[in-house]
Structures are given as structure tokens and as C-alpha cells.
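# Descriptive structure summary
Next come the chains, spelled out residue by residue.
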Amino acid sequence: MFQNDLASSPCANLGDAIREIAPTAALVRVYSERCAVTQLFESDFYRMLIDRRIEKEAARLIMCHFGDAADWRLSHDFHLPTGALYLTPEPYQIGYIPEDDHSFGLVRSRLIAIADRNFR
């Protein structure tokens, strides 16, 4: 049962805020705005089956934190251990299915931002 008050999270950083609502999450995939879907993955590359409200809140936290650093018309992956936001690989690229290459598709060329530092 969902009991956390997501709007009043006291966490100092984005990774901690997401771990508060999804403790085993390692990667959050925020799909484009038109898809309105979010997926969370554990460190073993398996998708977490969690409440849709948690998925929406994780996406909201990421989008608010990174703001204009990303083009939210495209899908993005937020890697909790590093605090890095990446452009999601396309379905035909290695890394789109996280267990394909065991890297979640986290390739330097797709890096958008890390925590509060923007790269593009």
C-alpha cells in the first residue's frame, strides 16, 4: 500500500528522493511527454512493478530537477548511482533493453546532465 507523502519529501538530492519512494531503483526511464509512461529498473536490470503513482512522482521529480536541460519530448534515463541523465537509446540501439549490454545504455555520447551540472 502506498503511504509516502511524496509532495513533502525532505531529501536533499534527487537520488535520495527517488530511493525514498522506490528503495531498490537504479534507473528511471522517463518516456516522452506524449507517451506518459515511466519505468523503473533495479540494479539487476529487471523492471520494477510498482504503483503508477510512484512512477509518475519519480518522473515529476526528475523533470523538475533537470528542467530545461533536457528535451522532454524525447525519452530520458536517470541513473541513480551516478546522478546522471542520459538520452534513452532508440529501440533499435543497444541499451534500449537494459539487460542487452548490462550498461543500461549509459553511453557518454548520450549524457545530458549530472545532478546540477548541465552538459548541453
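Residues numbered from 1 in each chain as written. Predicted model: local features only at pLDDT ≥ 70, side-chain atom pairs only at ≥ 80, totals over all residues. Heavy atoms only, no water.

### Observations concerning the overall build of the protein chain
Looking only at helices and strands, the protein chain features two helices and six strands. For the protein chain, the succession of helices and strands along the chain, N to C, is α-β-β-α-β-β-β-β. By the burial criterion, 45% of the 120 residues in the protein chain qualify as buried. In the protein chain, 50% of the contacts between residues at least 6 apart in sequence involve partners at least 24 apart. (Helix = DSSP H or I, 4+ residues; strand = E, 2+ residues; numbered from the N terminus. Buried < 20%, exposed > 50% of the residue type's maximum accessible area, 1.4 Å probe, protein only. Contact = heavy atoms within 4.5 Å.)

### Quick word on helix α1 (residues 14-21)
Within the sequence span of α1, burial applies to Leu-14, Gly-15, Ala-17, Ile-18 and Ile-21. Axial view of α1: buried residues confined to an arc of 165°, hence all on one face. Buried residues in α1 make contact with β1 (25-30), α2 (52-66) and β3 (76-79). N-capping of α1 is provided by Asn-13, with a side-chain oxygen placed 3.1 Å from the backbone N of Gly-15. (Arc of directions from axis to C-beta. Polar contact = N/O pair within 3.5 Å; in protein donor to acceptor, adjacent residues only side chain to side chain.)

Taken by themselves, the reported measurements are silent on function.
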